[in-house]
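Descriptive analysis of the structure
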Amino acid sequence: MNTVEKIRCPGCGAEIDVNKALSHEIETRIGKEKEKEYAQRLNLELDKKGKEIAREQEGAIESLQKSLKEKTAQVIELNKTKSELEKLRLEKEEIESRVTAAKDAELHKKLKAERDSHKAHLESEAERIKKEALEENALKIDELKKKLEDQTALAEEMKRKAEQGSTQLQGEVQELAIEDILRETFRFDVIEPVPKGITGADVIQKIRSNTGNEIGIIVYESKRTKLFGKDWTSKLKEDGLRVRADICVLVTDALPEDIERIGQKDGVWICTFAEFKGLALVLRDSIVRVSEAYASQTNKGEKMQMLYDYLNGKEFMTQIGAILESFNELRKGYFDERNKMERIWKTREKQLEKIMLNANGFIGSIQGIAGSSIPAIPMIEGGGGEEH
């Protein structure tokens, strides 16, 4: 079934059936070809029979001339029709070009709409991915924040416990050092630490003679506090009475105002750890000497008087002063121990600072990508809430 296509003439506005016009053009071409063939035949025939026809059929020639004139008129009309058809063809191509351009514009518009829709979809998808990334990063930040809080709390708890137990720990260290020094220095004596939880001095030294007999007792109490306790001497004297000690010694960092390094107060010898070993040597030597002197005596009261006189005499104090300088190196060991503990804490502080620095770098990277949508973390931005 043929489709009727019509166009409107831009000049007169009349509708033209394109199929008919094309059919007419085809017919015209066929007619022209027939006319050409006919003319060729005619010319050939005229060439052969021209003289005969001229002589015999002059009337026929006139008729042919008339027919030729008619044909010529038809050819002219056909050429005119051809020109009109060519014009129509050009107009049709122009219309088709316009239609194609319109279709292209519509297609471009449609493609643009699809691109815009795809772009909007991509932007929406990117926004969704960004939102999911922000939520995931927020969870990581919360997790990191929790870890930092836990680490800070743990460090604070460790520091608090360390500070709380520092005095006790330092006292135990000094007490153990006293025991070790006494055992190493006086190998024949009995050195007995008083168990924790039992009332009494920290260390008991039972002095033995060359024959293995017990000739005296010295008790030692260790203190490592910043202030000297007023009741320390009275308590130590009571502890000494329980074990029947001859001499009581208080080894302490904090000294009474009237004692510089070593001295006696309320019948108790007081010294720092640096002077402890020297004082222990002198006190033990004094007990040995009194014991030897008592060996030739029978009166116990005289023994105690001799011991008292000796301990308060110039000779005893001279001996103490002479050996104090020999044990100043012990002070260096004590400070080295304390400095070691301080270095441990400094190392832990540096580790915490490193954690905070890495956390700040991580948060900065996230905020650089996500902008202000990342919530601030006061503990990190404020240095963990701890002053160094």
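A quick note: this is a predicted structure, and the numbers were derived from the prediction, not measured.

**Things to note about the confidence of the model for the chain**
Taken residue by residue, the chain gives an average pLDDT of 76. The fraction at 70 or more is 71%. Helix 8 (residues 378–381) is the least confidently modelled element of the chain, averaging 54 in pLDDT, while strand 4 (residues 203–208) averages 93, the highest of any element. In the predicted structure, residues 384–388 sits below a pLDDT of 50 and forms seven contacts with residues beyond four places in sequence or in another chain.

**Description of the side chain of Thr252**
Along the chain, Thr252 turns up in strand 6 (residues 247–252). Residue class for Thr252 comes out buried when judged on its relative accessible area of 0%. At 2.9 Å, the side chain of Thr252 and the backbone oxygen of Ala254 are in polar contact. Residues in contact with Thr252, not counting those within four places in the same chain, are Lys223, Phe228, Trp232, Ile270, Cys271 and Thr272.

**Here's the deal with the nonpolar core**
Among the nonpolar cores identified, the biggest contains 23 residues, and Ile178, Leu182, Ile218, Tyr220, Val249 and Phe276 are the most heavily contacted of them. Among the secondary structure elements, those contributing two or more residues to this core are helix 2 (58–185), strand 4, strand 5 (214–223), strand 6, strand 8 (268–271) and helix 4 (273–294). Not counting the four nearest positions on each side in its chain, Phe276 is found in contact with Ile178, Ile181, Leu182, Tyr220, Val251 and Cys271. Ile217, Val219, Leu250 and Ala254 belong to the second largest nonpolar core, which has 14 residues in total.

**What to know about the packing of aromatic side chains**
A full pass over the atoms with the stated rule returns three aromatic pairs. Between Tyr220 and Phe276 the ring centres are 5.5 Å apart and the planes differ by 85°, which places this aromatic pair in the edge-to-face class. Of this pair, Tyr220 sits in strand 5 while Phe276 is found in helix 4, placing the two residues 56 residues apart along the sequence. Residue Tyr220 is classed as buried on the basis of its relative accessible area, which comes to 1%. Judged by its relative accessible area of 1%, Phe276 falls in the buried class. Taken together, a centroid distance of 6.2 Å and an interplanar angle of 15° make the contact between Phe273 and Phe276 stacked. Pair noted here: Phe273 and Phe276 are both in helix 4, with a separation of three residues, about one helical turn. Residues Phe273 and Phe276 agree in their burial class; the two are buried. Aromatic ring contacts, followed pair by pair, group Tyr220, Phe273 and Phe276 into a single cluster.

**Quick look at unusual backbone geometry**
The phi angle at Arg244 is positive, at roughly 60°, despite the residue not being glycine. By the element assignment, Arg244 lies in the loop between helix 3 (232–242) and strand 6. Located in the positive-phi region is Asp266, a residue other than glycine, with phi close to 55°. Along the chain, the position of Asp266 falls in the loop between strand 7 (262–265) and strand 8.

**Let's talk about the sheet that holds strand 8**
Each strand in a sheet pairs with another by means of backbone hydrogen bonds, the pair being arranged parallel or else antiparallel. In space, the six strands of this open sheet follow the order 3-4-5-6-8-7, with mixed pairing throughout. Bordering the open sheet on either side are strand 3 (190–193) and strand 7, each of which pairs with just one other strand. Going across the sheet, the axis of each strand differs from the next one's by a mean of 25°, ignoring polarity. As judged from the six bridges shared by strand 5 and strand 6, these two strands associate in the parallel manner. Bridging across to strand 6, Tyr220 finds its partner in Val249. Where helix 3 meets the sheet, its contacts fall on strand 5, strand 6, strand 7 and strand 8, and the angle it forms with strand 6 comes to roughly 140°. Where helix 4 meets the sheet, its contacts fall on strand 4, strand 5, strand 6, strand 7 and strand 8, and the angle it forms with strand 5 comes to roughly 160°.

Rules used in this analysis
- Residues numbered from 1 in each chain as written.
- Predicted model: local features only at pLDDT ≥ 70, side-chain atom pairs only at ≥ 80, totals over all residues.
- Heavy atoms only, no water.
- pLDDT = per-residue confidence, 0-100.
- Helix = DSSP H or I, 4+ residues; strand = E, 2+ residues; numbered from the N terminus.
- Contact = heavy atoms within 4.5 Å.
- Buried < 20%, exposed > 50% of the residue type's maximum accessible area, 1.4 Å probe, protein only.
- Polar contact = N/O pair within 3.5 Å; in protein donor to acceptor, adjacent residues only side chain to side chain.
- Core = buried A, V, L, I, M, F, W, Y, C linked by side-chain atoms within 4.5 Å.
- Phe/Tyr/Trp six-rings, centres within 6.5 Å; stacked < 30°, edge-to-face > 60°.
- Pairing = 2+ DSSP bridges.
- Axes fitted to C-alpha atoms, helices over the stretch in contact; angles between N-to-C directions.

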